[in-house]
Amino acid sequence: QVYGLDPGFVRSGMTELLATDKQGLRWLPHVKKGLNAHEDHPADDVGCAVVNLIEISCPLLSGRIFAYNDNFERIAQRAEEIKEHDLYQLRLRSD
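How would you explain the overall build of the protein if you had to name every residue and give the values?
Of regular secondary structure, the protein possesses six helices and two strands. Overall, the protein shows an N-to-C arrangement of helices and strands of β-α-α-α-α-β-α-α. For the protein, whose C-alpha radius of gyration is 17 Å, the value lies well above the compact-globule estimate of 12 Å for 95 residues. If you line up the protein on its principal axes, its C-alpha atoms span 50 × 35 × 20 Å. For the protein, with 95 residues in total, the buried portion stands at 24%. Across the protein, 11 positive and 15 negative side-chain charges occur, with their mean positions spaced 9 Å apart.

So, in structure tokens, the structure goes:
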């Protein structure tokens, strides 16, 4: 089984460097703005999401992408509906 997980805006050494580095400020100014506005969250949130996703893992949900702050208990309850309606899919269409 395979899953995707959007980690959101995580505070890390890299994002803090981008918020202070000349090139980071030039090319990714939104990083500093996001950190200053406290739009970030700790990496531990993503780790917890991975554990939650593993706990609800089932074939019906395989191949789908979720966000770190999704309600995984609710997703597990809706697994049949998610499969039936083809929800939580990342699409790349060439035509």
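Pulling in residues and values, what's your account of helix α3 (residues 29–36)?
Of the positions making up α3, those classed as buried are Val-31, Gly-34 and Leu-35. Each buried residue of α3 lies within a common arc of 95 degrees when the element is viewed along its axis, so the set occupies one face. Among the exposed residues of α3, those oriented more than 90 degrees off its buried face are Lys-33 and Asn-36. Elements that come into contact with the buried residues of α3 comprise α1 (13–18). Following α3 by one or two positions, His-38 has its phi on the positive side, about 60 degrees.

Break down helix α4 (residues 43–56) for me, citing the residues and quoting the values.
The end-to-end C-alpha separation of α4 is 21 Å, in line with the 20 Å expected for 14 residues at 1.5 Å each. Those residues of α4 that fall on the buried side of the exposure criterion are Val-46, Ala-49, Leu-53 and Ile-56. The buried residues of α4 occupy an angular sector of 85 degrees when projected down its axis, which confines them to one face. Exposed side of α4, more than 90 degrees from the buried face: Asp-44, Ile-54 and Glu-55 are the residues found there.

Criteria and thresholds
Residues numbered from 1 in each chain as written. Predicted model: local features only at pLDDT ≥ 70, side-chain atom pairs only at ≥ 80, totals over all residues. Heavy atoms only, no water. Helix = DSSP H or I, 4+ residues; strand = E, 2+ residues; numbered from the N terminus. Rg over C-alpha atoms; globule rule 2.2 N^0.38 Å. Buried < 20%, exposed > 50% of the residue type's maximum accessible area, 1.4 Å probe, protein only. Lys, Arg positive; Asp, Glu negative; His and termini not counted. Charge placed at Lys NZ, Arg CZ, Asp CG, Glu CD. Arc of directions from axis to C-beta. Contact = heavy atoms within 4.5 Å. Expected span 1.5 Å × (residues − 1).

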